[in-house]
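Chain by chain, the residues:
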Amino acid sequence: MKNSTFLQAALVGGLLVSATPGILAQDWPQWLGANRDAKAEGFKAPKTWPAQLTQKWKQTVGLGDTTPALVGDKLFVFSRVETEENVVCLSAADGKEIWRKKYEAPPLSGPSAREHSGPRSSPVVADGKVVTCGVTGVLTCWNAADGTQLWQKKDATSWPKFYTSSSPMVADGLCVVQVGGGSDGGVAAYDLKSGDEKWHWTGAGPGYASPALMTVAGTKIVVALTDKSVVGITLADGKLAWQTPFAPQGMSYNAASPIVDGDTLIYAGSGRGIHAVKVAKQGDTFATTDLWTAADVSPQFSTAVLKDGFLYGFTSRGNIFCVNAKTGAVAWTDTDAKGPRGYGSVVDAGSVLLALTPKMQLYVVQPSDKAYTEVASIKVASSATYAYPVVSGNHIFIRDTDSIALLTVD
């Protein structure tokens, strides 16, 4: 889904109430940005990086690991405040709250609740609507202009061990989301306008990754990592196109989102390496053919970014790596572990890669298959940063444990 499509939808939905210079460089309307590929346009790297970025504003929004959605001059943040899940609309220019809506959410329990008591799923903005998915799978559609609740689904009776983390996706007027947990789960599509269920595939419960969309032989296919497999489901009718076993081993999870490169699908998991397969239509169905496996590089929670034929991401040990996306050959792996337990976010900002770890450190890396070259390392927050940095022009929105700030690269 192209960035222009989201911008047109935002205009129709009445989102752009003013034209703020610099804020409108690029929308980031969903998980991994406009095209779910973690690419940012319009960023101009300085000749000399400063020791600190300039903070324009900072606003407390509530607890959560969700990445904000930026459309036009509005920023949408999903969080938890005390016993309620909140969706907050802020002015991207000055951080002032435009509207806030909330609903009661059950308390979290278990080991993940201590450090991650807020939602994990990032909101998606399309056609003048905002869709959020809470920790127990509560799916809600809001009017982006004023926060009016348009519809809500509380159908989930189960969820993954560490709660719902998959971020919803909008395509062809459908809101696609991974629902449930374990054997009582699947992938569902709802009409974005009405909330009516269009289809519901129930073959496997979700992992912790978010779905992607690919087109093969003219057919749009939702690609999702379940708790034990990789599946392709036709967008139009929810039929299973293919399913490939991909069960986690030991203390590992299916948490890295799939990457689409034409008819090539790339997926990864801790202890199992990175895999690339070609998806092709065979008669009335689809099949995958193995292309390569990079067994020595195993992302856990980090989704790699594809840039100029190479994959850049964090291994399960927190080392930044570079892998040839055509052959699977490992070009290099940085020896200095940066992301704890393999957490980390990498954004393709054109001439540089911006890699953010939960340790509040933003690493500026030169994209090259020759060697790891660190251009700068800058502290950008005062508490843990699990969300992606949202990059629009030379504006970088940083979400930490309970707040969001706008930083600029001068």
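For the structure itself, consult the block above.
Only a predicted model underlies this, so the values are computations on that prediction, with no experimental measurement involved.

Cut-offs used in this document
- Starting afresh in each chain, residues are numbered from 1 along the sequence in its written order.
- Per-residue local features of the predicted model are confined to residues with pLDDT of at least 70, and side-chain atom pairs are confined, for both listing and counting, to 80 or more; whole-chain, interface and lining totals are unaffected and use all residues.
- Each side-chain value is derived from all of the structure's non-hydrogen atoms; neither hydrogens nor water enter the calculation.
- By convention, a stacked pair of Phe, Tyr or Trp rings (six-membered ring in the case of Trp) has centres within 6.5 Å and planes under 30 degrees apart, an edge-to-face pair has planes over 60 apart, and any other such pair is tilted.
- Think of it this way: any DSSP run of H or I at least four residues long counts as a helix, any run of E at least two long counts as a strand, and we number them from the N terminus.
- In this scheme, a residue with accessible area under 20% of its type's maximum is buried, one over 50% is exposed, and one in between is partly exposed, where area comes from a 1.4 Å probe on protein chains only.
- At least two bridges found by DSSP between two strands are what make those strands a pair.
- As a rule, the C-alpha atoms of each element are fitted with a line to give its axis, helices using only the stretch in contact, and angles between N-to-C directions run from 0 to 180 degrees.
- A contact between two residues is defined here by any heavy atoms of the two lying within 4.5 Å.
- Here, a salt bridge means any Lys or Arg side-chain nitrogen found within 4 Å of an Asp or Glu carboxyl oxygen.
- Residues adjacent in sequence count toward polar contacts only when both atoms are side-chain atoms; beyond that, a polar contact is any pair of N or O atoms within 3.5 Å, and within protein one must be able to donate a hydrogen and the other to accept it.
- As used here, the term nonpolar core means buried Ala, Val, Leu, Ile, Met, Phe, Trp, Tyr and Cys residues forming a set that is joined through side-chain atoms within 4.5 Å.

### Thoughts on the packing of aromatic side chains
Working step 1: The tally for this structure, following the rule as stated, stands at 15 aromatic pairs.
Working step 2: Both rings, one in Tyr208 and one in Tyr253, keep their centres 5.9 Å apart while their planes meet at 90°; by these two values the pair is edge-to-face. Of this pair, Tyr208 sits in the loop between strand E13 (197-201) and strand E14 (212-216) while Tyr253 sits in the loop between strand E17 (240-245) and strand E18 (259-261), placing them 45 residues apart in sequence.
Working step 3: For Tyr253, a relative accessible area of 13% corresponds to the buried category.
Working step 4: Ring geometry for Phe301 and Tyr343: centres 4.2 Å apart, planes at 5°, overall stacked.

### Quick notes on the sheet that holds strand E4 (residues 84-91)
The strands making up a sheet associate through hydrogen bonds between their backbones, and the pairing can be parallel or antiparallel.
Working step 1: Pairing is antiparallel across the open sheet formed by four strands, whose spatial order is E2-E3-E4-E5. Edge positions in the sheet fall to strand E2 (69-71) and strand E5 (97-104), since each has one partner strand and no second. Taking each pair of neighbouring strands and ignoring which way they run, the sheet shows an average axis angle of 20°.
Working step 2: Pairing of E2 with strand E3 (residues 74-81), which is carried by three bridges, proceeds in the antiparallel orientation. Following the sheet pairing, Leu70 is matched in E3 by Leu75.

### Regarding the side chain of Thr264
Working step 1: Within the secondary structure, Thr264 is located in strand E19 (residues 264-269).
Working step 2: Apart from residues no more than four positions distant in its own chain, Thr264 is found in contact with Met214, Ile259, Ala276, Val277 and Leu291.

### Things to note about unusual backbone geometry
Working step 1: Phi at Arg36 is positive, roughly 55°, even though this residue is not glycine.
Working step 2: When you line up the elements, Arg36 lands in the loop between helix H1 (3-12) and strand E1 (54-60).
Working step 3: At Arg341, a position not held by glycine, the phi torsion is positive, near 55°.
Working step 4: Inspection of the secondary structure puts Arg341 in the loop between strand E25 (330-333) and strand E26 (345-348).
Working step 5: The class for Arg341 is exposed, based on a relative accessible area of 55%.

### Let's talk about the pattern of salt bridges
Working step 1: Under the counting rule described, the total for this entry stands at 11 salt bridges.
Working step 2: For Lys220, the salt bridge identified is with Asp172, shortest N-O distance 2.9 Å. You can see Lys220 sitting in strand E15 (residues 219-225) and its partner Asp172 sitting in the loop between strand E10 (169-171) and strand E11 (174-181), a full 48 residues away along the chain.

### Quick notes on the environment of Arg36
Working step 1: Arg36 gets classed as buried once you look at its relative accessible area, which sits at 12%.
Working step 2: In the structure, Arg36 is positioned 24 residues away from Thr60 in sequence and 26 Å away in space, judged by C-alpha atoms.
Working step 3: Discounting residues that sit within four places of it in the chain, Arg36 has contacts with Gln30, Trp31, Ser167, Pro168, Met169, Ser210 and Pro211.
Working step 4: A distance of 3.3 Å separates the side chain of Arg36 from the backbone oxygen of Ser167, its partner in a polar contact.

### Examining the side chain of Ser270
Working step 1: Here Ser270 shows up in the loop between E19 and strand E20 (273-282).
Working step 2: Leaving out residues up to four positions away in the same chain, Ser270 has contacts with Ser252, Ser298, Pro299, Gln300 and Ser316.

### Considerations on the nonpolar core
If you look at soluble globular proteins, the nonpolar side chains tend to sit buried side by side.
Working step 1: Of all hydrophobic cores here, the largest spans 51 residues; its most connected members are Trp49, Leu53, Leu354, Ile396 and Phe397.
Working step 2: Within the second largest apolar cluster, 15 residues are counted, among which are Ala209, Leu225, Phe246 and Tyr267.

### Remarks on the environment of Arg341
Working step 1: For the pair formed by Arg341 and Arg317, sequence separation is 24 residues and the distance between their alpha carbons is 5.6 Å.
Working step 2: Excluding residues within four positions of it along the chain, Arg341 makes contact with Gln300, Phe301 and Ser316.

### A word on the sheet that holds E1
Working step 1: The strand order across the open sheet built from four strands is E1-E32-E31-E30, with neighbouring strands paired in antiparallel fashion. Because the sheet does not close on itself, it has two edges, and the strands there are E1 and strand E30 (390-392). Pairs of neighbouring strands in the sheet enclose a mean axial angle of 15°, with direction left out of account.
Working step 2: Note that E30 and strand E31 (residues 395-399) share three bridges and pair antiparallel. Bridging across to E31, Val390 finds its partner in Phe397.

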